[in-house]
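The residues making up each chain are set out below.
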Amino acid sequence: MGSKIAVVDLDGARTRIGSHHLDVDELPAFVREREAQSRPRWVFSDTPNWYPALLAAGVRIERCSDLRLTHAILMRSELVADRSAVAEADQWDADPVSAPAAPEAEALFEVTERRSHIKQVPHDIESALAEFARQSTALESASDPGRLRLLLAAESAGGLVAAEMQAAGVPWDVDEHDRILAEELGPRPMGDAKPAKMLAVADQVRAALDDPRANLDSHIKLLHSLHSAGINVASTSKWELAESDHPAIAPLLEYKKQSRLLAANGWHWLDEWVSEGRYRPVYVPGGVVTGRWAASGGGALQVPRQLRPALRADPGWRLISADVAQLEPRALAAMSGDRAMAEAGRGRDLYSGLVDEGIVATRQEAKIAVLGAMYGSTTGDSGRLVPRLRTSFPAAMGLVDSAAEVGAAGGLVSTWLGRTSPVPSQGWRRLQSASNQFDATPADENRARRAAGDQGRFTRNFVVQGTAAEWALAWLADLRLRLARLPGVDEGNPGATSAGEVTGHMATASGPVFSRRAHLVFFLHDEVIVHAPAQHAEAAAAAIRDAAASAGKLLFGDAPVDFPLDLTISERAAKG
DNA sequence: TATCCTCGCGCG
DNA sequence: AAAGCGCGCGAGGATA
């Protein structure tokens, strides 16, 4: 509290034209005023270090550059001719640090403890100015700075969205969640006891195995019990179990399902991650090398469909859920300029398009073929179907095949906007050179070949997954601005009723910035959920659609590829 | 007792 | 008929 920070104004040529010294507590008012005057592009060392406090004070910003996020892209991008200066400034190559999910007093010690061995970027003004200058120079040396600028802006906007979604939280119906748990597991037990329905199912399994002491919670012990009962499986995974037909299998699969629900999203999860009716997972923008977001806490990447009914809009509000159908193949069609593939997906389900065009017989086959093409399958049904795509979609297949070839040889690949894959590890390179030595054994050669294949499948998928992630970021970035421009709950709609009551309820859970206006609450690779006042739900839905159309134009111009959405407006997220 | 690894399963 | 990409998480078991 009360520590001094410096803020510097730069003009378009990055020349210093002013500076200010503020107490940290004065920052929100300062930012609010500047934002109202000129909506500058703020430069943050690291968004989670600055933005949560602004949001808590009721201040949103329109745009920023996040130096940590942009550094990570620029230091690797093949588009940048001279990236040595950026790459050498390795204090900026730091771990993502997320804002704590909720300021809980008892967790403070733990949080500081954990953060102390995490490498953080510097937050002082001179370091930031120096890095900003290095990045600007690098960007100017790029072969296609326009694309990279787009990527950097989208990436930074993603940082803002993550902070905003964490501040807003997903409206979560704890009672509904508890009902689902009770239905599946039985009522909440005391302490760490197992719920009643689980105990009952476990007894059925033990009876069927004729093994009253069988331990179902340890893979190893369970495997022994299964073998003793004459069930010959190599693992306890459910797909393998499902192939046996023994009376113990059905209750065992049921038990595993219950056990998973309890461990991953049971009452303990509810206590830890949902408070005041808001689920606040921790997002990590740019956390995956492909550009996808990762998560670190709360399991935002794996909320089971079973629990989707627990997402519930506040009274007088709606949830608008939207996902892009077949985002990755569409991104591939667009970036490769494959007109036939674009045509297969235009105005319809892309998989059904493949059936209509006579390329495969069923939608299921189409899905297996397309996923196989993007993931690099060579065996089974998928390996059999992929070659048909090579005939029909030569441009798309050429792009992924050549990405795989480059990767297998140790090379780098880049996404549409210029995010470049990481160099293969030293261990990988050692394997390859060992297999080229005169005394290489067949085992060496095998290992090297397998590793080369793995790397090839990684780079094959990198260009597609990464470009899809860019589309999604562009979608998000545009959407957050469109939503911010929608009127508040009691503005511009004289017909609105009980608005005061609704906002009164909201103010606690969502904080001052989000309590009155449509806002993003969830994002997962190719889907968004927006929480909006009922009277603006249609406008919010239109914003989601318009943002998707803009994203396609922004990235791919007039390429004949569309990105259709499945969109639902409801009080509850759809049942899975 | 703390930390790492493997397994299995949830999500896209 | 569980292949073929990217993740996070919890539990049990092994290791320090």
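Residues numbered from 1 in each chain as written. Chains lettered and ligands numbered in written order. Predicted model: local features only at pLDDT ≥ 70, side-chain atom pairs only at ≥ 80, totals over all residues. Heavy atoms only, no water.

Per an unreviewed UniProt entry, chain A goes by DNA-directed DNA polymerase and derives from Brevibacterium picturae. Quoted verbatim from the Catalytic activity (unreviewed entry) heading of the UniProt record, the comment on chain A is "DNA(n) + a 2'-deoxyribonucleoside 5'-triphosphate = DNA(n+1) + diphosphate". (UniProt positions renumbered as here; feature names shortened; annotations may be inferred.)

Draft legend 1. Spotlight on the overall build of chain A. Scanning chain A for helices and strands turns up 23 helices and 13 strands. Expected size for 576 residues packed as a compact globule is a radius of gyration near 25 Å; at 26 Å, chain A falls within 12% of this value. In terms of overall dimensions, chain A has C-alpha extents of about 80 × 65 × 50 Å along its principal axes. Put simply, chain A has 576 residues, and 47% of those count as buried. For chain A, restricting intrachain contacts to residue pairs at least 6 apart in sequence, the fraction spanning at least 24 positions comes to 68%. Between the averaged position of the 62 positive side-chain charges in chain A and that of its 74 negative side-chain charges there is a distance of 2 Å. (Helix = DSSP H or I, 4+ residues; strand = E, 2+ residues; numbered from the N terminus. Rg over C-alpha atoms; globule rule 2.2 N^0.38 Å. Buried < 20%, exposed > 50% of the residue type's maximum accessible area, 1.4 Å probe, protein only. Contact = heavy atoms within 4.5 Å. Lys, Arg positive; Asp, Glu negative; His and termini not counted. Charge placed at Lys NZ, Arg CZ, Asp CG, Glu CD.)

Draft legend 2. Quick peek at the domain arrangement of chain A. If you check the domain split of chain A, you get domain 1 (1–166), domain 2 (174–273) and domain 3 (328–467). Tallying the contact residues gives 10 residues for domain 1 and nine residues for domain 3. Of the roughly 890 Å² buried at the junction of domain 1 and domain 3 (both faces included), carbon and sulfur atoms supply 52%. In this assembly, domain 1 and domain 3 are joined by one salt bridge. Arg419 is paired through a salt bridge with Glu155; the nearest N and O atoms lie 2.8 Å apart. Seen at the junction of domain 1 and domain 3, the total is five residue pairs in polar contact (both at pLDDT 80 or more). The greatest single-element share of the side of domain 1 that touches domain 3, amounting to five residues, is contributed by helix H7 (residues 145–168). Among the residues forming the side of domain 1 that touches domain 3, the class breakdown is five nonpolar, one polar and four charged. (Domains from an automatic or database assignment. Buried area = accessible area lost by both parts, 1.4 Å probe. Salt bridge = Lys/Arg side-chain N within 4 Å of Asp/Glu carboxyl O. Polar contact = N/O pair within 3.5 Å; in protein donor to acceptor, adjacent residues only side chain to side chain. Nonpolar A, V, L, I, M, F, W, Y, C, P; charged D, E, K, R; others polar.)

Draft legend 3. Structural view of the protein's contact with DNA strand B. The full set close to DNA strand B counts 18 residues, and Thr236, Lys238, Leu301, Arg305 and Asp526 are the nearest of them. Of everything in DNA strand B that lies within 4 Å of the protein, sugar and phosphate atoms constitute 70%. Contact distances for DNA strand B include 2.3 Å between a phosphate oxygen and a side-chain N or O atom of Lys238. Of the residues in the surface near DNA strand B, the class split is four nonpolar, seven polar and seven charged. (Near = heavy atom within 4 Å.)

Draft legend 4. Broad picture of the side chain of Glu240. Along the polypeptide, Glu240 turns up in helix H11 (residues 238–241). For the buried Glu240, no salt bridge exists, and the shortest N-O distance to an oppositely charged side chain is 10.0 Å, to Lys256. Here the side chain of Glu240 touches Ala234 through a polar contact of 2.9 Å, landing on its backbone nitrogen. A polar contact is formed between the side chain of Glu240 and the side chain of Ser235, at a distance of 2.9 Å.

Draft legend 5. Up close: the sheet that holds strand S7 (residues 278–279). Read across the open sheet, the three strands follow the order S5-S7-S6; overall the sheet is antiparallel. With partners counted over all chains shown, the strands left at the sheet margins are strand S5 (170–171) and strand S6 (274–275), one partner each. Bridging between S6 and S7 involves two bridges; their strand directions are antiparallel. Of the residues in S7, the one forming a bridge with Val274 is Tyr279. (Pairing = 2+ DSSP bridges.)

Draft legend 6. How the structure looks around helix H17 (residues 363–375). Compared with an ideal rise of 1.5 Å per residue, which puts 13 residues at 18 Å, H17 spans 18 Å between its outermost C-alpha atoms and is within 8% of the ideal. For H17, every residue scored as buried is listed here: Glu365, Ala366, Ala369, Val370, Gly372, Ala373 and Met374. The inward-facing, buried residues of H17 contact helix H14 (327–336), helix H16 (350–356), helix H18 (380–392), helix H19 (394–408) and helix H21 (442–485). Directly after H17, the chain includes Gly376, whose backbone phi takes a positive value near 85°. (Expected span 1.5 Å × (residues − 1).)

Draft legend 7. A look at the nonpolar core. With 104 residues, the main nonpolar core has Trp172, Leu354, Trp471, Trp475 and Val530 as its most contacted residues. By residue number, the principal contributor to this core is H21, which donates 12 residues. With residues near it in sequence (within four places) discarded, Trp475 still touches Ala322, Val324, Asp526, Glu527, Val528, Ile544, Ala547, Ala548, Ala551 and Leu565. (Core = buried A, V, L, I, M, F, W, Y, C linked by side-chain atoms within 4.5 Å.)

Draft legend 8. Representation of the protein's contact with DNA strand C within the structure. Near DNA strand C you find 25 residues, and of these Ser218, Gly297, Gln302, Ser377 and Phe458 are the closest. Taken together, the sugar and phosphate atoms account for 77% of what DNA strand C places within 4 Å of the protein. One nitrogen or oxygen atom from the side chain of Arg457 is found 3.0 Å from a phosphate oxygen belonging to DNA strand C. Listed by contribution, the elements that provide at least two residues to the surface near DNA strand C are helix H12 (249–265), strand S9 (294–295) and H21. In terms of residue count, H21 provides more of the surface near DNA strand C than any other element does, four residues in total. In the surface near DNA strand C, the residues fall into eight nonpolar, 12 polar and five charged.

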